[in-house]
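# Coordinates in review
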Amino acid sequence: MLFMIFGVIAIVATFINLYMYKVGKDYKLAMAIGLSFTALTLCAEYSLVSRWVEVEDWAALMDVVPGMERALWFLTIVSILLNIAPILLELKGKK
């Protein structure tokens with residue numbers, strides 16, 4: 001499943017982003033990669049749901065989509081917050 005691969009890359013990039021910030025190195029590329037792979041994860045998941053609709057796999061849709069929706073909202077919000085945290089911390093430190 002492509003969305004799992006993209007999701008794992010997004011998580012790893014996010015932790016690299018936070019680590020790079022903590023050690024004082026440039027974190028912006030890792031941040032961009034983390035956010036980009038978060039977006040690719042959402043696109044891959046949407047493609048999976050689209051395939052289920054095309055083949056009329058209503059059981060898969062009814063079983064997976066309700067829980068998947070909540071998980072995707074939560075994980076996307078967490079990804080955004082974690083990836084922009086270094087920028088927010090830098091702004092707070094400059095005040």
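What counts, and where the lines are drawn
- Residues numbered from 1 in each chain as written.
- Predicted model: local features only at pLDDT ≥ 70, side-chain atom pairs only at ≥ 80, totals over all residues.
- Heavy atoms only, no water.
- Helix = DSSP H or I, 4+ residues; strand = E, 2+ residues; numbered from the N terminus.
- Rg over C-alpha atoms; globule rule 2.2 N^0.38 Å.
- Buried < 20%, exposed > 50% of the residue type's maximum accessible area, 1.4 Å probe, protein only.
- Contact = heavy atoms within 4.5 Å.
- Areas by Shrake-Rupley, 256 points an atom, 1.4 Å probe, with all protein chains shown as cover.
- Lys, Arg positive; Asp, Glu negative; His and termini not counted.
- Charge placed at Lys NZ, Arg CZ, Asp CG, Glu CD.
- Phe/Tyr/Trp six-rings, centres within 6.5 Å; stacked < 30°, edge-to-face > 60°.
- Lys NZ or Arg CZ within 6 Å of the ring centre and 35° of its normal.
- Axes fitted to C-alpha atoms, helices over the stretch in contact; angles between N-to-C directions.
- Parallel < 35°, antiparallel > 145°, perpendicular 65-115°, else oblique.
- Nonpolar A, V, L, I, M, F, W, Y, C, P; charged D, E, K, R; others polar.

### Notes on the overall build of the protein
The number of helices and strands found in the protein is 3 helices and 0 strands. For the protein, the α and β elements follow one another from N to C terminus as α-α-α. Relative to the globule expectation of 12 Å for 95 residues, the C-alpha radius of gyration of the protein, 16 Å, shows a markedly less compact shape. Summarising its shape, the C-alpha atoms of the protein cover approximately 55 × 20 × 15 Å along the three principal directions. Taking all 95 residues of the protein together, the buried fraction comes to 26%. For the protein, the proportion of contacts with a sequence separation of at least 24, taken over those separated by at least 6, is 69%. About 6,800 Å² of surface is accessible on the protein, with carbon and sulfur atoms providing 74% of the total. For the protein, the centre of its 8 positive side-chain charges and the centre of its 8 negative side-chain charges are spaced 22 Å apart.

### Topic: the packing of aromatic side chains
Applying the stated criterion to the full structure yields 2 aromatic pairs. Centre to centre, the rings of Tyr21 and Tyr27 are 5.7 Å apart; their planes meet at 85°, and the pair counts as edge-to-face. Under the relative-accessibility criterion, Tyr21 is labelled partly exposed at 27%. Taking NZ or CZ as reference, Lys28 lies 5.1 Å from the ring centre of Tyr27, over its face.

### Observations concerning the packing of helix H2 (residues 28–54) against helix H3 (residues 58–94)
Contact geometry for H2 and H3: axes closest at 10 Å, N-to-C directions at 170°. Viewed along their axes, H2 and H3 adopt a mutual orientation that is roughly antiparallel. Residues belonging to the contact of H2 with H3 are distributed by class as follows: 17 nonpolar, 5 polar and 1 charged.

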